[in-house]
Amino acid sequence: MLQQTTVEAVKPYFLGFIHKWPTILDLAAASQDDVMRAWAGLGYYSRARNLKKCADIVAENFDGHFPADLAQLKSLPGIGDYTAAAIASIAFDMPVAVVDGNVERVITRLYALSTPLPAAKPDIRRLMQALTPDKRSGDFAQAMMDLGATICTPRRPACVICPLNDNCEALKTTDPEFFPVKAPKKRKPVRMGAAFVAISGNGEVYLRGRAQTGLLGGMTEVPTTEWTSRADGETGIDAAPFEAEWTSSGAITHIFTHFELRLTIYKAQNVQKLASNDGWWISVENLDNEALPTVMKKAIAAAIPDAFEKRRKEA
DNA sequence: TAGACGTGGAA
DNA sequence: TTTCCAAGTCT
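Residues numbered from 1 in each chain as written. Chains lettered and ligands numbered in written order. Predicted model: local features only at pLDDT ≥ 70, side-chain atom pairs only at ≥ 80, totals over all residues. Heavy atoms only, no water.

An unreviewed UniProt entry lists chain A under the name Adenine DNA glycosylase, from Phyllobacterium myrsinacearum. Per UniProt, chain A carries the Function (unreviewed entry) text "Adenine glycosylase active on G-A mispairs. MutY also corrects error-prone DNA synthesis past GO lesions which are due to the oxidatively damaged form of guanine: 7,8-dihydro-8-oxoguanine (8-oxo-dGTP)." (UniProt positions renumbered as here; feature names shortened; annotations may be inferred.)

Asker: Even after reading the chapter, I still don't get the packing of aromatic side chains, so can you show me in this structure?
Answerer: To describe a pair of aromatic rings, one takes the distance between the centres and the angle between the planes. Scanning the entire structure with this criterion turns up eleven aromatic pairs. Taking the centre distance of 5.7 Å and the plane angle of 85° together, the rings of Phe17 and Trp39 count as edge-to-face. Highlighted residues: Phe17 in helix 1 (residues 7-20) and Trp39 in helix 3 (residues 32-39), separated in sequence by 22 residues. As far as the burial class goes, Phe17 and Trp39 line up, both buried. Pairing Tyr206 with Phe242 gives two aromatic rings, centres 5.2 Å apart and planes at 65°, and the pair type is edge-to-face. Residue Tyr206 is located in strand 2 (residues 204-209), and its partner Phe242 is located in the loop between strand 3 (220-221) and strand 4 (247-255); the two are separated by 36 residues in the primary sequence. Across this residue pair, the class does not change: Tyr206 and Phe242 are buried. Here the basic side chain of Arg191 rests over the ring of Phe259, its NZ or CZ set 4.0 Å away from the ring centre. (Phe/Tyr/Trp six-rings, centres within 6.5 Å; stacked < 30°, edge-to-face > 60°. Helix = DSSP H or I, 4+ residues; strand = E, 2+ residues; numbered from the N terminus. Buried < 20%, exposed > 50% of the residue type's maximum accessible area, 1.4 Å probe, protein only. Lys NZ or Arg CZ within 6 Å of the ring centre and 35° of its normal.)

Shown next, in the form of structure tokens:
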């Protein structure tokens, strides 16, 4: 869950998962759809698909226990270099180098590595491995990550109180904020489309499932047009899932990692529920139980302003 | 190896 | 408002 995601964002999801599925065997026994519903809103949905796959494999092939072996850990879905090392180090006390974004920042500053990421990764791993102690390597890994999260921060690092400030090459010779060096980012393209919120006479909304792979894979959606780069004023009503009295109901913008999406929202009320469609109808009150990604909740909220209760963050 | 892959918070 | 970024992984 913590891959590319802040602790604050993860907290309620982690607690929910642990409550629902306390063990890996419980997760293996869960349905894929239940897992996607519980993950909805957290983003990077391949993580949820991989987590479930991983639980299935650990239950089936490893007797419900993670292997204490770096290569075997890495072979599991969703477990890459960082997570494999974190499990080996923290769970099994193996002296392997744990390298996440925090460690990359601390190490590149400590040694003033000017090679841009990701090319610098092998050097960073080697240097981190050399620093990693044979005992309590997991504590060391977490200490380095916490140092990066709280003191050796991306901007305005607190070098004055840093326990490594006597040894930091970047602080000694230049400015720690210059590190890590990264390749320049590309501009985000804009894609446009339309979304259709159909409401039946008894207040149910029409939803359908997305493909299991790709963007928002395995999640739920309201029908939409293709998301293209067209910039004309075309309504896209021809792409509506069925004929109805579609009326314009505003627009939303949603920023994904690699593009910006602008959706025109269309709404139709008193829609007849036809058996010929491949989706399903769900009451507005039960929308919270669906695997709706945030962009789809925004689309629905544009057509039905009170569709989702305003949620307060945990204190 | 570079692009795909979500979301929300902070500066 | 815009940009960056957060306990990365997969193809």
